[in-house]
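Geometric and topological summary
So the chains spell out like this:
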Amino acid sequence: MRELKTYLVEGVVVRRRDFKEKDRILTLFTLERGRVDVLAKGARRPGSKLSYCSDLATVGSFKINSTRSLDIVLESKTLYQPEGAFGNIKKSSKIFSALQIVDNLYREGDSYSMTYNSLKKLIYLASERDSKFGFVSFLRNVIIDHGIAPSLNECVLCQKEISKSSLVRFSLKGGIVHQECARDDAIEISPDEQRLLQSIFSNDFSDKTLVESNFNKQTYLKTFALLNDYFSWQFERQFLTIE
Ligand SMILES: [Zn+2]
């Protein structure tokens, strides 16, 4: 007899597609194993227990049977669904954008607990209230997971230190550049925007950093837009959006 191997994960449904007549294949972004594809048998049958858990952006715990081909969901329990975001395009667009990013950029196997937790938090925040800060920390963590944090203390072009008095610009290709090193495509950046970026990418960053730092609204908006542009440029594709 073949041994039945089961495992338990907590995950977010980032993608789902119909399979056969009544089933669904779900892509889960999990705390323990990163991205996994699983079969939810009968999930399209009315009243099926797996149906509720297979909605996009559902946070759930899943008991899964590992097989040689596609792993199969045995049981699931919904932990959270972003009901407050349904029917609100601005709120739900951030969630769907984040799901798409995870589905496209992450591969199976590794655990990315920082990004997982920020995705989960974004789903809560977007549902309950404003999601701007939630989306920024999510993007920050995806950038760090992929080892492409912008250089903020050294000039990307001459590799020399950026001192406090340096006049600087920002290059989407890699980070801060001295004004005198900058090429035409480098973007203007104010000292406050520069400081905010540095705190976003510092090691001890947390959501609190964003909430408690006292920059003016314009600084937040411009820095978030810059981060969004940097993200799109680095991954060579346009995801939305911080507005
Ligand atoms: Zn330089």
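Refer to the structure printed above.
A brief look at the structure comes next. (Residues numbered from 1 in each chain as written. Predicted model: local features only at pLDDT ≥ 70, side-chain atom pairs only at ≥ 80, totals over all residues.)

Of note, Lys20 is a non-glycine position whose phi angle comes to about 45°, a positive value. Its location among the elements puts Lys20 in the loop between strand E1 (5-19) and strand E2 (23-30). Residue classification places Lys20 among the exposed positions, given that 11 C-beta atoms sit within 10 Å. Positive phi outside glycine occurs at Ala57, with the angle close to 70°. Note on placement: Ala57 falls in the loop between helix H1 (49-53) and strand E4 (59-66). (Helix = DSSP H or I, 4+ residues; strand = E, 2+ residues; numbered from the N terminus. Buried ≥ 20, exposed ≤ 12 C-beta atoms within 10 Å, placed from the backbone.)

In this model, helix H3 (residues 113-128) (16 residues) spans 22 Å end to end at C-alpha, consistent with the 22 Å of a helix rising 1.5 Å per residue. Where H3 is concerned, the buried positions are Thr115, Tyr116, Ser118, Leu119, Lys120, Leu122, Ile123, Leu125, Ala126 and Ser127. In this structure, the buried residues of H3 make contact with E1, E2, E4, strand E5 (71-80), helix H2 (89-105) and helix H4 (132-145). (Expected span 1.5 Å × (residues − 1). Contact = placed C-beta atoms within 7 Å.)

Geometry only, nothing functional implied.
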